Amino acid sequence: MESLAFVVSLMIGNILFSGPFALFLTLPRIRTISSGLPFLIFRRLAMGTAAFTGIFLSLIFIFNSLPFIVKAISLLCIATHLWAADREYGKFISTRLRRNV
């Protein structure tokens, strides 16, 4: 039972911290540290891995019968990953609504 609790705590920790990690990787200061191609590949690969695991686990938590707070955290994780993807690629929000155009 202790190993099951450990696995569940790792899953919840992933959905808690993968969204802010992806947002951290898309900060303008982080992007200007190094504009080289290897850094860009590493940053996008790390962001994609965090997004894949975070959104996948969030969807598992949303579609199972769990308490509301876990589902709310899962929705927040999905929202932060969409925000991070928008900051990185700029495809989700219209250019008229963006502040940094």
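Residues numbered from 1 in each chain as written. Predicted model: local features only at pLDDT ≥ 70, side-chain atom pairs only at ≥ 80, totals over all residues. Heavy atoms only, no water.

1. Thoughts on helix α4 (residues 68-89)
Phase 1 of the analysis: Here α4 spans 31 Å end to end across 22 residues, near enough to the 32 Å set by a 1.5 Å rise per residue.
Phase 2 of the analysis: If you check which residues of α4 are buried, you get V70, S74, C77, I78, T80, H81, A84, A85, D86 and E88.
Phase 3 of the analysis: Positive phi appears at G90, one or two residues downstream of α4, with a value of about 70°. (Helix = DSSP H or I, 4+ residues; strand = E, 2+ residues; numbered from the N terminus. Expected span 1.5 Å × (residues − 1). Buried < 20%, exposed > 50% of the residue type's maximum accessible area, 1.4 Å probe, protein only.)

2. Thoughts on helix α1 (residues 2-25)
Phase 1 of the analysis: Spanning 24 residues, α1 covers 33 Å between terminal C-alpha atoms, matching the ideal 34 Å at 1.5 Å per step.
Phase 2 of the analysis: The sharpest bend along α1 measures roughly 30° and falls at F17, with the proline P20 sitting one to four residues further on.
Phase 3 of the analysis: If you check which residues of α1 are buried, you get I15, S18, G19, A22, L23 and L25.
Phase 4 of the analysis: Against the buried residues of α1 lie α2 (28-33), α3 (37-62) and α4. (Bend = angle between axes of the 7 residues up to and from the residue. Contact = heavy atoms within 4.5 Å.)

3. Details of the packing of α1 against α4
Phase 1 of the analysis: The geometry of α1 relative to α4 is characterised by a closest axis approach of 8 Å and an angle of 15° between their N-to-C directions. As the angle between them shows, α1 and α4 are arranged roughly parallel. Judged by the sense of rotation from one axis to the other, the crossing of α1 with α4 is left-handed. From α1, I15, L16, S18, G19, A22 and L23 reach across to α4, where they touch I73, S74, C77, T80, H81, W83, A84 and R87. (Axes fitted to C-alpha atoms, helices over the stretch in contact; angles between N-to-C directions. Parallel < 35°, antiparallel > 145°, perpendicular 65-115°, else oblique. Left-handed = near helix turned anticlockwise from the far one by under 90°.)

By themselves, these are just geometric observations and shouldn't be taken as functional.
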